[in-house]
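Understanding the architecture of this molecule
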Amino acid sequence: DFRPLPESGAANAAELTARAPLRASNTVVGLAFAPQEFGYSLWAAIWDDVAAPSRLEHWNLYSGEVVATLAAGEILAPRSLGGSGDGRLLVMADECCVTLWDPAAGQVPFAFELSPRLEEALIAPGDGGVLAVGYSSVDGTIVLVDIESGETLAVFRHGEYVNDIDFSSDGRYLASGAFNGSAKVIDVEELGE
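First, a word on what this report is: a plain description of the structure on this page. (Residues numbered from 1 in each chain as written. Predicted model: local features only at pLDDT ≥ 70, side-chain atom pairs only at ≥ 80, totals over all residues. Heavy atoms only, no water.)

1. Description of the pattern of salt bridges
Applying the stated criterion to the full structure yields 6 salt bridges. Its salt-bridge partner being Glu-57, residue Arg-55 comes within 2.9 Å of it at the nearest N-O pair. The class for Arg-55 is buried, based on a relative accessible area of 5%. Two residues, Glu-189 and Arg-172, come together in a salt bridge whose shortest N-O distance is 3.6 Å. Remark: Arg-172 occurs in the loop between strand S13 (162–167) and strand S14 (173–178) and Glu-189 occurs in helix H3 (residues 188–191); sequence separation between them is 17 residues. Bridged by salt links that share partners, the residues Arg-172, Asp-187 and Glu-189 form one connected network. (Salt bridge = Lys/Arg side-chain N within 4 Å of Asp/Glu carboxyl O. Buried < 20%, exposed > 50% of the residue type's maximum accessible area, 1.4 Å probe, protein only. Helix = DSSP H or I, 4+ residues; strand = E, 2+ residues; numbered from the N terminus.)

2. Section: the environment of Gly-106
Note that Gly-106 resides in strand S8 (residues 106–108). Sequence spacing of Gly-106 and Leu-90 is 16 residues, and the spatial spacing of their C-alpha atoms is 9.8 Å. Sequence-distant contacts of Gly-106, defined by excluding residues within four places in its chain, comprise Leu-70 and Trp-101. (Contact = heavy atoms within 4.5 Å.)

3. A closer look at the side chain of Ser-80
Among the secondary structure elements, Ser-80 is positioned in strand S5 (residues 78–83). Of the polar contacts made by the side chain of Ser-80, one reaches the backbone nitrogen of Ala-121; its length is 3.2 Å. Setting aside residues up to four positions removed in sequence, Ser-80 forms contacts with Val-29, Val-91, Met-92, Ala-93, Glu-119, Glu-120 and Ala-121. (Polar contact = N/O pair within 3.5 Å; in protein donor to acceptor, adjacent residues only side chain to side chain.)

4. Details of the nonpolar core
Nonpolar side chains tend toward joint burial in soluble globular proteins. The biggest cluster of nonpolar side chains holds 15 residues, and the ones touching the most others in it are Val-91, Val-98, Ala-121, Leu-131 and Val-133. Elements represented by at least two residues in this core include exactly strand S6 (90–94), strand S7 (98–102), strand S9 (118–123), strand S10 (130–135) and strand S11 (141–146). Counting residues in hydrophobic clusters, the runner-up holds 13 residues, among them Val-162, Leu-174, Ile-186 and Val-188. (Core = buried A, V, L, I, M, F, W, Y, C linked by side-chain atoms within 4.5 Å.)

5. Quick look at the packing of aromatic side chains
Inspection of the entire model under this criterion finds 1 aromatic pair. For the pair Tyr-161 and Phe-179, a centre-to-centre distance of 6.4 Å together with 70° between the ring planes defines the contact as edge-to-face. Here Phe-179 lies in the loop between S14 and strand S15 (183–187) and Tyr-161 lies in the loop between strand S12 (152–157) and S13, a separation of 18 residues in the sequence. For Tyr-161, a relative accessible area of 27% puts it in the partly exposed group. (Phe/Tyr/Trp six-rings, centres within 6.5 Å; stacked < 30°, edge-to-face > 60°.)

6. Topic: the sheet that holds S14
Spatial ordering of the open sheet is given by S13-S14-S15, a layout of 3 strands whose pairing is antiparallel. The open sheet has two edge strands with one neighbour each: S13 and S15. If you compare each strand with its neighbour and ignore which way they point, the axes differ by 20° on average. Here S13 pairs with S14 via 5 bridges, running antiparallel. For Val-162, the partnering residue across the bridge sits in S14 and is Ala-178. (Pairing = 2+ DSSP bridges. Axes fitted to C-alpha atoms, helices over the stretch in contact; angles between N-to-C directions.)

7. Digging into the sheet that holds S9
One open sheet holds the 4 strands; their spatial order is S9-S10-S11-S12, and the pairing between them is antiparallel. With one partner strand each, in any of the chains shown, S9 and S12 form the two edges of the open sheet. Here the average twist between neighbouring strands, direction ignored, is 15°. Pairing analysis gives 5 bridges linking S10 to S11, with the strands arranged antiparallel. Residue pairing in the sheet places Val-133 in a bridge with Val-143 of S11.

Given below as structure tokens:
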């Protein structure tokens, strides 16, 4: 149950968390905003601890409470969490797998050949049909994948262990940052040519 924002006395999501900071039971390794039709809320990937396995938690920003838990015991060592712009999908990367989740229905079948040393996975803005996967491998491979088919659309090599990737708001550009301090920006449209 999410209360309308005016009842909270806060003007936006930032003010909500300033009034009631969120506190997870263990390390937060990724965040994704939920669709605003549910009010201001976040999904969080939580690293496992003695009391509970790794999991995805849905936090109500009005109360700071966890209102739903997804994938408890089904994920190992999460590294990143992202979501599609429409909130239809969550994508989580752990050390060897990329998993897609429908928050309402659970895990979504995803047939993409994966390998170890995953660092981050995120869905491109827009129609949510493209997924970027970054690896902390020697050549810093980044793979663009069609979510529906699992087909590899393009491969880019940063040249160093990648530890962060991000799309521009229009999805045209993809930035990658590496452990050696280098950052690169690629034109996604040119990669597909």
